[in-house]
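Listed below, chain by chain, are the residues.
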Amino acid sequence: MSDPVVTLGCRLNLAESEAIRAMIAGAERRTVVVNSCAVTAEAVRQSRRAVRRLRAANPDARLLVTGCAATIDPDEFIAMPEVDGVVANAAKLEAAAWQARPAPRPAPPTRHTRAFVPVQTGCDHACTFCIIPEGRGKSVSQPIVDVLRVVEGHLQADAREVVLTGVDVTGWGADLPGSPRLGDLVAAILRAFPALPRLRLSSLDGVEIDGLLFELITGEARVMPHVHLSLQAGHDLTLKRMKRRHTRAEAVSLSERLRAARPEIAIGADLIAGFPTEDDAMHAANVAIVADCGIVHGHVFPYSPRPGTPAARMPQVPPPLVRERAAEVRAAVAATRARWLEGLIGQTREVLAERDGTGHSPEFAPYRLPEGTAPGEIVSLTPTRIREGLLE
């Protein structure tokens, strides 16, 4: 039987889909779900396409839509003839919303060799390009005791790596008593579970990396040397118009300090190409910051206007030029990544095996595994070449 939940978008959606699977498993009528994304106009289109495909594959099932796209514009999805109902983000983790048995506690069994643990949702910032706060609401943090309970459940299900996810992960704790920081949560997890082999963090806002978190990222072997920054742009005027809270110099300095303290750290980043008002110099800065920060994991998005956001009312860059600039930024990332992967040839790394015959090192470099490697196994590999983008 095909997967009853189709997930689009971020790792937080992926983690929430695990709980949704458990909740709809008890429904009297077979239920299928699209967990939608609204980060770009293309993501919304993909969400609608996913609805149509899921209905075609499950003509007799009850089809529900949740996620940011369905929360921001529920009428758009309710109007689709394939859809039986919409569940808002605020209710998606409540069993009653799915008319099913409650999800098992302390956590649903992991379906991955790594477990995605949502520690926070929502966002208190107001980036001019972003519609997500409308779909997720204000930042809400999970208390440490609840996070530890979920992590424990995943470890009991034999997860070898835990990934902390959220909409604004580094904003964790601001709404909790005493305003703890993300470093406090990471330290608590490491103390509570000394046998946890690997702890990874999803996208971080560089200006919110607290001192303890920096120390753990750079000095704790069980925290993976892989930092993905919510960078978005490489030019100060663009960053200001986006209402980001960092400068280009601060982003470059952070990358340099991370690598100086832990040389094997791999830097990733989100970058938007073709933001409104972007001229040739701003685009050139976007391309240049890839090398300046040493970005080897790049998520490059061609800008697309989201109705209702301030950026949608700014002077727009022509779409063909947006696509051209996105391709140039991706090419810059590809060049930096290729050099990085070449540098890993001949070096031994501990690789976590996935279910598809591939795996990832602590730096999230991709490897092809020896035949017969069991999913979830951590193996020592020394690659001798790169083939089809994988070290082997």
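Whatever comes next refers back to the structure up there.
What comes next concerns the included structure. Being a predicted model, the structure only gives us computed values, none of them experimental. (Residues numbered from 1 in each chain as written. Predicted model: local features only at pLDDT ≥ 70, side-chain atom pairs only at ≥ 80, totals over all residues. Heavy atoms only, no water.)

### Some points on the packing of helix α8 (residues 211-219) against helix α10 (residues 248-261)
Then step 1. Put simply, α8 and α10 touch, their axes get as near as 8 Å, and they point 50° apart. Our classification of the angle between α8 and α10 gives oblique. The two elements α8 and α10 cross, and the hand of that crossing is right-handed. Taken together, the residues of α10 that come into contact with α8 (itself represented by F214, I217 and T218) are L254, R257, L258 and A261.
Then step 2. Residue composition of the contact of α8 with α10, grouped by class: five nonpolar, one polar and one charged. (Axes fitted to C-alpha atoms, helices over the stretch in contact; angles between N-to-C directions. Helix = DSSP H or I, 4+ residues; strand = E, 2+ residues; numbered from the N terminus. Parallel < 35°, antiparallel > 145°, perpendicular 65-115°, else oblique. Left-handed = near helix turned anticlockwise from the far one by under 90°. Contact = heavy atoms within 4.5 Å. Nonpolar A, V, L, I, M, F, W, Y, C, P; charged D, E, K, R; others polar.)

### Some thoughts on the sheet that holds strand β12 (residues 295-302)
Then step 1. Here three strands make up an open sheet; going across it, the order is β10-β11-β12 and the pairing parallel. Every interior strand has two partners, whereas the edge strands, β10 (226-232) and β12, have only one. Sheet twist, expressed as the mean angle between neighbouring strand axes with direction ignored, is 20°.
Then step 2. Note: β10 against strand β11 (residues 266-273), five bridges, orientation parallel. (Pairing = 2+ DSSP bridges.)

### Topic: the packing of helix α11 (residues 280-293) against helix α12 (residues 319-344)
Then step 1. Where α11 contacts α12, the axes come no closer than 8 Å and their chain directions differ by 20°. In terms of axis orientation, α11 runs roughly parallel to α12. When the axes of α11 and α12 are compared, the crossing they make is right-handed. On α12, the residues touching D280, H283, N286, V287 and V290 of α11 are R325, E328, V329, A332, V333 and T336.
Then step 2. Of the residues in the contact of α11 with α12, the class split is five nonpolar, three polar and three charged.

### Some remarks on the environment of A261
Then step 1. Here A261 is to be found in helix α10.
Then step 2. Owing to a relative accessible area of 40%, A261 belongs among the partly exposed residues under this scheme.
Then step 3. Beyond its immediate stretch of four places on either side in the chain, A261 contacts F214 and T218. (Buried < 20%, exposed > 50% of the residue type's maximum accessible area, 1.4 Å probe, protein only.)

### Observations concerning the packing of aromatic side chains
Then step 1. For the structure shown, the criterion picks out two aromatic pairs.
Then step 2. Ring geometry for F129 versus F275: centroids 6.5 Å apart, planes at 90°, classification edge-to-face. Here F129 is found in the loop between β6 (120-121) and α5 (132-136), whereas its partner F275 is found in the loop between β11 and α11, with 146 residues between them in sequence.
Then step 3. Owing to a relative accessible area of 13%, F129 belongs among the buried residues under this scheme.
Then step 4. Centroid distance F275 to Y303: 5.6 Å. Interplanar angle 75°. Geometry classified as edge-to-face. Here Y303 lies in the loop between β12 and α12 and F275 lies in the loop between β11 and α11, a separation of 28 residues in the sequence. In this pair, the class of F275 matches that of Y303, namely buried.
Then step 5. An aromatic cluster of three or more residues is present, and its members are F129, F275 and Y303.
Then step 6. Sitting over the ring of F364, R11 keeps its end group 5.8 Å from the ring centre. (Phe/Tyr/Trp six-rings, centres within 6.5 Å; stacked < 30°, edge-to-face > 60°. Lys NZ or Arg CZ within 6 Å of the ring centre and 35° of its normal.)

### Some thoughts on helix α6 (residues 144-156)
Then step 1. Relative to the 18 Å expected for 13 residues at 1.5 Å per residue, α6 spans 18 Å between its end C-alpha atoms, a close match to the ideal helical length.
Then step 2. Along α6, the positions that sit buried rather than exposed are V147, L148, V151, G153 and H154.
Then step 3. Check the buried side of α6 and you find it contacts β5 (114-118), β8 (161-165) and α7 (182-192).
Then step 4. Directly after α6, the chain includes D158, whose backbone phi takes a positive value near 75°. (Expected span 1.5 Å × (residues − 1).)

### Considering the side chain of N13
Then step 1. Along the chain, the position of N13 falls in helix α1 (residues 11-24).
Then step 2. At 3.2 Å, the side chain of N13 forms a polar contact with the side chain of K92.
Then step 3. Ignoring sequence-local partners within four residues, the contact set of N13 consists of T7, L8, N35, S36, K92 and R136. (Polar contact = N/O pair within 3.5 Å; in protein donor to acceptor, adjacent residues only side chain to side chain.)

### Observations concerning the sheet that holds β5
Then step 1. In space, the three strands of this open sheet follow the order β5-β8-β9, with parallel pairing throughout. Strands with a single pairing partner mark the edges of an open sheet, and in this sheet they are β5 and β9 (198-201). The average undirected angle you get between the axes of adjacent strands in this sheet is 25°.
Then step 2. Alignment of β8 against β9, held across four bridges, turns out to be parallel. Residue pairing across strands places V162 opposite L199, the latter belonging to β9.
Then step 3. Contacts between α1 and the sheet are confined to β5, β8 and β9, with β5 contributing the most and set at about 100° to the helix.
Then step 4. Lying over the sheet, α7 contacts β8 and β9, oriented at roughly 165° with respect to β9.

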